[in-house]
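Take a look at the letters that make up each chain.
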Amino acid sequence: MSSLDSFQSRKTLKVGSRTYVYYSLPAAEKRGLRGISRLPFCMKVLLENLLRNEDGRSVTKDDIKAVAAWLKKRSSEREIAFRPARVLMQDFTGVPAVVDLAAMRDAMRHLGGDPNKINPLVPVDLVIDHSVIVNFFGSPAAFKKNVEEEYKQNQERYRFLKWAQRSFENFRVVPPGTGICHQVNLEYLSRTVFTRKQKLKIDGRAATVEVAYPDTVIGTDSHTTMVNGLSVLGWGVGGIEAEAAMLGQPMSMLLPEVIGFRVTGKLKEGVTATDLVLTVTQMLRKHGVVGKFVEFCGPGLDHLSVEDRATIGNMSPEYGATCGFFPIDEDTLRYLENTGRPAATVGLVKAYAKAQGLLRQKGTSDPVFTEMLKLDLATVQPSLAGPKRPQDRVLLKEVKAGFAQAMDKEFGKAGELGKRVPVERRDHDLGHGDVVIAAITSCTNTSNPSVMVGAGLLARNANEKGLKPKPWVKTSLAPGSQVVAEYLAKSGLQKELDQLGFNLVGFGCTTCIGNSGPLPPEISKAVNDQDLVAAAVLSGNRNFEGRVNADVRANYLASPPLVVAYGLAGSMQLDLLKSPLGSDAKGKPVFLKDIWPSSREITAVIRKIINKGMFTRKYADVFKGDANWRRIGITGGVTYAWDPKSTYVQNPPYFSGMGRGPVPLTDIVDARILGLFLDSITTDHISPAGSIPTT
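This structure is a prediction, so every number in the text was calculated from the model and none was measured. (Residues numbered from 1 in each chain as written. Predicted model: local features only at pLDDT ≥ 70, side-chain atom pairs only at ≥ 80, totals over all residues. Heavy atoms only, no water.)

Draft legend 1. Seen up close, the pairing of strand S11 (residues 251–254). Judged by which residues are buried, S11 turns out to be one-sided: Met-251 and Met-253 face inward and are buried, whereas Ser-252 and Leu-254, on the alternate face, are not. Inspection of the sheet shows strand S3 (residues 79–82) paired to S11 by four bridges, in the antiparallel sense. Bridge pairing in S11 places Ile-80 opposite Met-253. (Buried < 20%, exposed > 50% of the residue type's maximum accessible area, 1.4 Å probe, protein only. Helix = DSSP H or I, 4+ residues; strand = E, 2+ residues; numbered from the N terminus. Pairing = 2+ DSSP bridges.)

Below, the structure written as structure tokens:
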């Protein structure tokens, strides 16, 4: 489809030996869209989307003018049609969409049409990452056993997805054991600037050209926003919206308010990106940004890596925003290069961003925002969030007092802080606030080498002091990609983590999604029989009650190094800044400050170990899968061979009895409300992702 191009913005851009067509924002500004150079960068991305897709129906000239008019009130009631460049799915929420595609092919064949015509119109990547469960942990065999159990439990779904991988065009599947969809998206799938072949009329002649435009994505996982750290505008949507986009339908949305978040200064020694994101989450949740875009600006961005930015972008659902966007700058280009993107891709991103006014440089003026929040990075302090919500930040120095308060206000057990009970068949007891799960997990932090290497160095220092996790702690490490496993192994830090029980358990979304697996039976029995408020500390993004594990009521988000530290401490009733984590071989108390690595040490390991080759190797055959995936046999060709005995994957009846012509619309009669809920109700309360207890 050719744009009507009312503002004569279509131009060409030569990069190296290739020439691209693009829709120029500076040209549109000269042709009547005055002032748009002052728009937030994320709004410029929306504007380009409208310029490129102007058809007079779904996108009109007035829609485009409304973006420029946004500058007057810094908000708008205008509804626009947004077309993402691509769609990202994870396996839980992606399977229903693929089932619908398969059903459409069946219907097409039944109606006498060509089923090969049924394919996604927008590129789709589905990453299988939500099916691994931490059933086995704390041993070198944990990863292998968890993988075997994953394939055993998911054969039917995997067989169906493998058929889809081979059958559909414009549809790719990243097999199990590769990584979390958001980290794979960040490290490999995203381009920052997208291109595609398109037929356009140029000077009255039809021609096939390569069009360049900002990479945008919507995903069936709320944390699709992580890729905003790489200047890719994207957010999570429901399955129906994602499926509509996959089939080429534009997304209807209001022009958003954009909240500017200006950062200055730099983080102090010992403060992590996780501490920063928990601070940002608390600030934005308090301000109120639901349904709004957030864009980060200011000189402090010069001290935040793309991985730091991705950590912040990831938590957008937790602070309530549609997205948390970072503009393209030199760090963006450096990250693309360092993760193995082709030189031509990096060159295009740089040239396109310059031509469009999308490149943030030192001295770039802040855009016009609806409102502005400010944060001096130097004021951020070590923090956790809990015991129930990601916005409930608590300073590390106040965790002990905070848990005592939660025992009173949240759990009604103020008089039981000192209660401890024996554990059957074990030589230790268990009490309120004991950490029964310490998990380095989730896309939030495992994409960030600074905190992952930090955790490994802290483990090394703890091993040198002879420290061990408490015997009631279930420890686990689930990296977001195979690259993380490689640099931890190559640096020798995985061996250090192994000694403390943080063995590799799988690549995927584990503890954060509720796939933490069962606690040891005797621990679970003590917790439930004695009504203990057990705790979990995880490097994730969600800590709602009941999400992490059915036996655990107090859940805290923390950086990976603090996850290891709390595994050693074993309790939320300790002040880690004042109380020792344990004793060394000579009986001398060891404190957190004695084993906390310096930023210089962390940087030295990153610079020495992590390189472009790691990313190139690990993603060379990303769609091929391991031996387990390659062994899966598939049935069916153009259409799927449905198994009538299946209780999971069935041909839905949407097209049963459908003819070639549409039937008239009829009224919906006697529709009823299915549920009415109070504030702070999440999908975890309504439909938990983890296992549902029998009682």
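Draft legend 2. How the structure looks around the nonpolar core. Within the largest apolar cluster, 209 residues are counted, with the highest numbers of intra-cluster contacts made by Phe-160, Tyr-319, Leu-384 and Met-572. Per-element accounting of this core gives the leading share, eight residues, to helix H2 (residues 41–52). Once residues within four sequence positions are removed from consideration, Leu-384 is found in contact with Leu-278, Asp-392, Arg-393, Val-394, Leu-396, Val-399, Tyr-556, Leu-557, Ala-558, Leu-562, Tyr-566 and Met-572. (Core = buried A, V, L, I, M, F, W, Y, C linked by side-chain atoms within 4.5 Å. Contact = heavy atoms within 4.5 Å.)

Draft legend 3. A look at helix H6 (residues 155–167). With 13 residues, H6 should cover 18 Å at 1.5 Å per step; its first-to-last C-alpha distance of 18 Å lies within 8% of that length. Along H6, the residues classified as buried are Arg-157, Tyr-158, Phe-160, Leu-161, Lys-162, Trp-163, Ala-164, Gln-165 and Ser-167. Residues of H6 that are buried sit in contact with helix H4 (91–110), strand S5 (124–127), helix H5 (142–153), strand S6 (171–174) and helix H24 (627–631). (Expected span 1.5 Å × (residues − 1).)

Draft legend 4. Structural view of empty space enclosed by the protein. Under the counting rule described, the total for this entry stands at two cavities of 30 Å³ or more. The volume enclosed by the largest cavity comes to roughly 90 Å³. In this structure, the largest cavity is lined by Phe-41, Val-45, Thr-192, Val-193, Pro-214, Ser-231, Phe-325, Pro-327, Ile-328, Tyr-352 and Leu-358. Partitioning the lining of the largest cavity into residue classes produces nine nonpolar, two polar and no charged. Estimated volume of the second largest cavity: approximately 50 Å³. A per-class count over the lining of the second largest cavity returns six nonpolar, two polar and two charged. (1 Å grid on protein atoms, 1.4 Å probe; cavity = no way out; pocket = protein on both sides within 12 Å on 5 of 7 lines; lining within 4 Å. Points joined across faces, edges and corners; volume = space filled by probe spheres on them. Nonpolar A, V, L, I, M, F, W, Y, C, P; charged D, E, K, R; others polar.)

Draft legend 5. Representation of the sheet that holds S6. Strand order in the open sheet formed by five strands is S6-S5-S4-S9-S10, with parallel pairing between adjacent strands. The open sheet terminates on both sides in strands that have one partner only, identified here as S6 and strand S10 (233–236). Mean inter-strand twist for the sheet, computed between neighbouring axes without regard to direction, equals 20 degrees. Judged from the four bridges that link them, S5 and S6 form a sheet pairing that is parallel. Note on S6: the bridge partner recorded for Val-127 is Val-174. Against the sheet, helix H7 (residues 181–189) makes contact with strand S4 (86–90), S5, S6 and strand S9 (216–219), and its axis sits at roughly 140 degrees relative to S4, the strand it touches most. (Axes fitted to C-alpha atoms, helices over the stretch in contact; angles between N-to-C directions.)

Draft legend 6. Broad picture of the environment of Leu-186. Relative to the elements of secondary structure, Leu-186 occurs in helix H7. Overall, the relative accessible area of 0% leaves Leu-186 in the buried class. C-alpha of Leu-186 to C-alpha of Glu-307: the two residues are 121 residues apart in sequence and 9.1 Å apart in space. Ignoring anything within four residues of it in the chain, the contact list for Leu-186 reads Met-226, Val-227, Leu-230, Ala-310, Tyr-335, Arg-341 and Ser-447.

Draft legend 7. Focus on H5. Relative to the 16 Å expected for 12 residues at 1.5 Å per residue, H5 spans 16 Å between its end C-alpha atoms, a close match to the ideal helical length. Those residues of H5 that fall on the buried side of the exposure criterion are Ala-142, Asn-146, Val-147, Glu-150 and Tyr-151. For H5, the arc enclosing every buried residue in end-on projection is 155 degrees, short of the 170-degree limit, so these residues lie on one face. Residues Lys-144 and Lys-152 are exposed on H5 and point more than 90 degrees away from its buried face. Of the surrounding secondary structure, the elements contacted by the buried residues of H5 are H6 and H24. (Arc of directions from axis to C-beta.)

Draft legend 8. Inspection of the packing of aromatic side chains at higher detail. For the structure shown, the criterion picks out 19 aromatic pairs. With centroids separated by 5.9 Å and ring planes inclined at 25 degrees, the aromatic side chains of Phe-160 and Trp-163 adopt a geometry described as stacked. Placement of both Phe-160 and Trp-163 in helix H6 is noted, with a separation of three residues, approximately one turn of the helix. Residue classification places Phe-160 among the buried residues on the basis of a relative accessible area of 0%. (Phe/Tyr/Trp six-rings, centres within 6.5 Å; stacked < 30°, edge-to-face > 60°.)

Draft legend 9. A look at the pattern of salt bridges. Under the definition given, this model contains 32 salt bridges. Arg-617 is the partner of Glu-486 in a salt bridge, and the nearest nitrogen-oxygen pair spans 2.5 Å. Of this pair, Glu-486 sits in helix H17 (residues 482–490) while Arg-617 sits in helix H23 (residues 612–618), placing them 131 residues apart in sequence. Members of the salt-bridge network, linked through shared partners, are Asp-302, Arg-309, Asp-329, Asp-331, Arg-334 and Arg-360. (Salt bridge = Lys/Arg side-chain N within 4 Å of Asp/Glu carboxyl O.)

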